[in-house]
Amino acid sequence: MTALQQAFETAAQQWRQLEESKTPVFFVGAATCGRAAGAIEVIERLKNEIKKRNLQAQVIEVGCLGPCSMEPILIVHKNGAPRLCYGNVDPERISAILDRYVAGNDPCPQWALGRMTQGRIDGIGDIADHPMFRAQVRHILKRCGLIDPENVHHYLANSGYRGFLKALELGRDGTFDEVRKSGLRGRGGAGFPTWRKWQLCRQTASDIKYLICNADEGDPGAFMNRSLIESDPHSVLEGMLIAAFSIGAGEGYIYCRAEYPLALHRLETAICQMRRLGLLGSNIQGSGFSFELHIKKGAGAFVCGEETALIASIEGRRGMPRPRPPFPAVSGLWEKPTIIQNVETLANLAMILDNGAGWFVRYGSASSKGTKTFALAGKINRTGLIEVPLGISLKDVIYDIGGGVGAGKKLKGVQTGGPSGGCIPADKLDLPVDYESLTASGSMMGSGGMIALDDDTCMVDIAKYFLSFTQAESCGKCPPCRIGTRAMLEILEKIASGRGAADDMDKLGTMAQTVRDASLCGLGQTAPNPVLTTLRYFGAEYEQHIQKRQCPAFVCAALVSYHIDAERCSGCTACVKACPVEAILGERKKPHKIDQSKCIHCGVCLDTCPEAYAAIYRSSGSLTRYEQRKSGESKS
Amino acid sequence: MTVSAQQNNAVVAELLSLHGKDRSHLITVLQDIQQHFGYLPRQAVTQLAQRTGISANEIYGVATFYAQFRFIPPGEHIIQVCQGTACHVRGSWQLLQELQQRLGIKPGQTTADGRFDLRRVACIGCCALAPVVTVDGNVHARMTPKEIALLVKQHSGKKDR
Ligand SMILES: Cc1cc2nc3c(=O)[nH]c(=O)nc-3n(C[C@H](O)[C@H](O)[C@H](O)COP(=O)(O)O)c2cc1C
Ligand code: FES
């Protein structure tokens, strides 16, 4: 029996024991997001309490289940009962759940998100009926948050490496056919059909070929790839085996950003496990196929997500893109044919091979097959990582899954595609989420970042934000991008600071066209999208900034001033103490006043003023706004 | 912290024997040098040039291209403020401003007492819990200016006022 066969048996046994465990098992979501929300403290408390109570129980660290806004997340297995999932657990809740549910009979439905397995428990429904999960179709994420990502047996017990074994059975051509029939398109942004790229590479004669996994995830505001690697690293690695096998690559690289230490660690662990199981090295599983895998850590350059720049970076050079053709599939890493795929594209391969192309095409729309993960963030109630069939409407994502915007706020738009994408206005939310529709709207699918914007978001500021990002990240090789993004940013800064001129919008539009058409790589070609879409859908807001010198969202610091309503102010001195520049004057019990010459418009006073008084208001041009601005739930 | 020549030699030699002198390992070796010293000491770069045959000029060319590399010793605590999109729309610029005021430095600088480094980072992947700040690699989610001030105090070794 081979090491792999043995591992499959061990895996089945281990998993069954876990499922049928007579003693309690606690699964804690401890990916980066879970940790940020306090998962490590939860695990510590759990272990301490277990010891204190002399309980026989296991604690297992799992990855991310997805609903990050409800993290830390705990799943409890109790003998004879369905597994229950709890959200927002903190050390106190742990003790309560142990007392009342594990030791008693109260399943604490007030904290439960749902049942993870079949069975009945009063007051707790199936997690699949939870509003955040109802519209989701979880294929890529099916194991995330349910298995221990550092235990390969958990992966093997849940259909792991079956797709690769199937590929070996089908042979290189059969595997290629299956991928072609699936119509899988790249999930890294452009949506290029995977099989077409492979075909080009397969047709290029060369004794050496390379496969690269693009885990650079440069879109600032997206975390799909991080979460998947941290929660289920083998699914990506299995996809790499399949791709390498079919295109005939003997060596592979994973280019992962350095900002993702946990993901890097999980990849290293998983690669060691693959070696032990004979899934790497020469003559893998006696198939004659040999493959080696290396990890390369990115060094903090957005442009290195672009494939030719990424190649330069792996070669140890400055990460500058080069013109294509030749395409990397023909001449890439060290001038050898090279296929570069996004993390999620690769993870799709294992499922396609395991379940067949016919199964895959059942999901999605006519031209965009399958499912796609999105990182839902921004001004929305439920944030996190989700997976939906392509073709679903934006509205369903934002309102059903995301639960809409906060109380009293209005959705203004949705940003997709990060710095390469654009802002889709709230009245266009019927738009289906597929490659063509999003591109037609002026935005793009991108890699899956989706950021909700509400009426506290200024669209000029958003355009300025993205432009300052792309301008800073432009590698400087081609003038349209290097100079064009800077010139555009300067105009946006002018408008945001109330110095906009009547023809600025036209100028911006013209420059945007030039940068888009004349830049060398995708960075410059798509950098104008955030500007173009905001001009197109939110032109009135630009005009307000230019003509009335006012920012209706009260964001652009130079156009907003802060004041204290003397009638509301109780003189509590909270804002006086909080102001970082000592711009607020006043004594206890007397109304305070802001010294406008010192004020830096940071908004700290607005956050500090107790809700009961809400004495601080902002004005911009002829507009004023009173409110207690909420800045997330504070955790004092 | 100044780094002695011997230290430099030893570290560079060890890393090269670990990774190899091949050009493709240059960035990895630089990352490990920085991991060791907290920055890229000039001496180490000179050493690396001598031992690999890649000119120091060329090495600096590569190193300066990537945002990760630093050329001066870092402060004791490193505060990173995420400037990703999700954090931006949730007010991370406010946090940055607050920190700039409190510490009296701009992003990329170190406080005069060497206690703090202030840096921007473009997304650490915790966007769902925005805005996010990291101190010495520990992620603090859903930060507010008030909590930022507390964090700074905790790490300055000073008592709460
Ligand atoms: C500026 C820029 C940044 C990019 N960043 C990424 C990235 O972070 N991750 C990614 O998978 N693709 C990124 N891409 C797209 C890649 O160039 C390439 O198309 C992709 O990795 C191909 O894989 P796919 O076909 O599986 O999508 C970027 C492109 C550009 C122009
Ligand atoms: S945008 Fe701040 S963590 Fe992603």
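Only a predicted model underlies this, so the values are computations on that prediction, with no experimental measurement involved.

Student: Which residues make up the packing of aromatic side chains, and what values do they have?
Tutor: Residue and element names in this part refer to chain A. Summed over all chains, the structure comprises 13 aromatic pairs over all chains. Geometrically, the ring pair formed by Tyr-210 and Tyr-253 is tilted, given 6.3 Å between the ring centres and 55° between the ring planes. A residue pair is termed long-range when its members are at least 10 positions apart, and Tyr-210 in strand β6 (residues 210-215) and Tyr-253 in strand β7 (residues 251-256) qualify at 43 residues. Between the aromatic rings of Tyr-617 and Tyr-626, the centroid separation amounts to 4.9 Å while the plane-to-plane angle is 35°, which identifies the pairing as tilted. Put simply, the rings of Phe-164, Phe-245, Phe-289 and Phe-291 touch in pairs and so form one group of aromatic residues. For Lys-372, the ring lying beneath its charged end belongs to Phe-374, and the centroid distance is 5.5 Å.

Student: Tell me about the site of ligand 1, residues and numbers included.
Tutor: Residue and element names in this part refer to chain A. Around ligand 1 sit 18 residues in total, of which Gly-188, Lys-197, Gln-341, Asn-342 and Thr-345 are the nearest. Within the backbone of Arg-187, an N or O atom sits 3.3 Å from an oxygen atom of ligand 1. Interatomic distance of 2.9 Å between a side-chain N/O atom of Gln-341 and an oxygen atom of ligand 1. When isolated, ligand 1 has an accessible area of 600 Å², and the protein chains bury 89% of it. Mapped by element, the contributors of at least two residues to the shell around ligand 1 are β9 (338-342) and α20 (522-526). Each residue belonging to the shell around ligand 1 can be placed in one class, and the counts come to three nonpolar, nine polar and six charged.

Student: Talk me through the nonpolar core; I want residue IDs and the actual numbers.
Tutor: Within the largest apolar cluster, 95 residues are counted, with the highest numbers of intra-cluster contacts made by Tyr-161, Leu-211, Leu-237, Leu-241, Ile-254 and Phe-291 of chain A. It is helix α10 (residues 233-247) of chain A that contributes the most residues to this core, nine residues altogether. With near-sequence residues (within four places) excluded, Phe-291 of chain A lies in contact with Leu-211, Met-240, Leu-241, Ala-244, Ala-249, Gly-250, Glu-251, Gly-252, Leu-280, Gly-281 and Ile-284 of chain A. Grouped together as the second largest cluster of nonpolar side chains are 44 residues, Cys-304 and Leu-333 of chain A together with Val-29 and Ala-44 of chain B included.

Student: Got a sec to walk through the environment of Ser-206 of chain A? Specific residues and values, please.
Tutor: All names here are of chain A. For Ser-206, the location among the structural elements is in the loop between α8 (194-203) and β6. Sequence spacing of Ser-206 and Pro-337 is 131 residues, and the spatial spacing of their C-alpha atoms is 7.3 Å. What Ser-206 contacts, discounting residues up to four positions off in sequence, is Lys-336 and Pro-337. A polar contact of 2.7 Å, which involves the side chain of Ser-206, links it to the backbone oxygen of Ile-208.

Student: Account for the domain arrangement of chain B, with residues named and values stated.
Tutor: Each assigned domain of chain B is listed with its residue range as follows: domain 1 (5-65) and domain 2 (77-154). Computed from C-alpha coordinates alone, the two centres of domain 1 of chain B and domain 2 of chain B are separated by 30 Å.

Student: Could you give an account of a nonpolar patch on the surface, naming the residues involved and the relevant values?
Tutor: Together, Leu-200, Phe-327 and Val-330 of chain A make up a nonpolar patch on the protein surface, roughly 220 Å² of accessible area in all. Tracing the backbone shows Phe-327 of chain A in the loop between α12 (307-314) and β9.

Student: Give a detailed account of helix α1 (residues 5-19) of chain B, specifying residues and quantitative values.
Tutor: Residues and elements named next belong to chain B. Here α1 is 15 residues long and its end C-alpha atoms lie 21 Å apart, about the 21 Å a rise of 1.5 Å per residue gives. Every buried residue of α1 is accounted for by Asn-8, Val-11, Val-12, Leu-15 and Leu-16. For α1, the buried positions fall inside an angular range of 125° around the axis, keeping them on one side. In α1, the exposed positions that point more than 90 degrees away from the buried face belong to Gln-6, Glu-14, Ser-17 and Leu-18. Where α1 is buried, its residues meet α2 (26-37) and α3 (42-52). Directly beyond the C-terminal end of α1, a positive phi value near 100° is found at Gly-20.

What counts, and at which threshold
Residues numbered from 1 in each chain as written. Chains lettered and ligands numbered in written order. Predicted model: local features only at pLDDT ≥ 70, side-chain atom pairs only at ≥ 80, totals over all residues. Heavy atoms only, no water. Phe/Tyr/Trp six-rings, centres within 6.5 Å; stacked < 30°, edge-to-face > 60°. Helix = DSSP H or I, 4+ residues; strand = E, 2+ residues; numbered from the N terminus. Lys NZ or Arg CZ within 6 Å of the ring centre and 35° of its normal. Near = heavy atom within 4 Å. Polar contact = N/O pair within 3.5 Å; in protein donor to acceptor, adjacent residues only side chain to side chain. Areas by Shrake-Rupley, 256 points an atom, 1.4 Å probe, with all protein chains shown as cover. Nonpolar A, V, L, I, M, F, W, Y, C, P; charged D, E, K, R; others polar. Core = buried A, V, L, I, M, F, W, Y, C linked by side-chain atoms within 4.5 Å. Buried < 20%, exposed > 50% of the residue type's maximum accessible area, 1.4 Å probe, protein only. Contact = heavy atoms within 4.5 Å. Domains from an automatic or database assignment. Patch = residues over 30% accessible without salt bridge, like charges linked within 9 Å, V, L, I, M, F, W, Y side chains within 5 Å. Salt bridge = Lys/Arg side-chain N within 4 Å of Asp/Glu carboxyl O. Expected span 1.5 Å × (residues − 1). Arc of directions from axis to C-beta.

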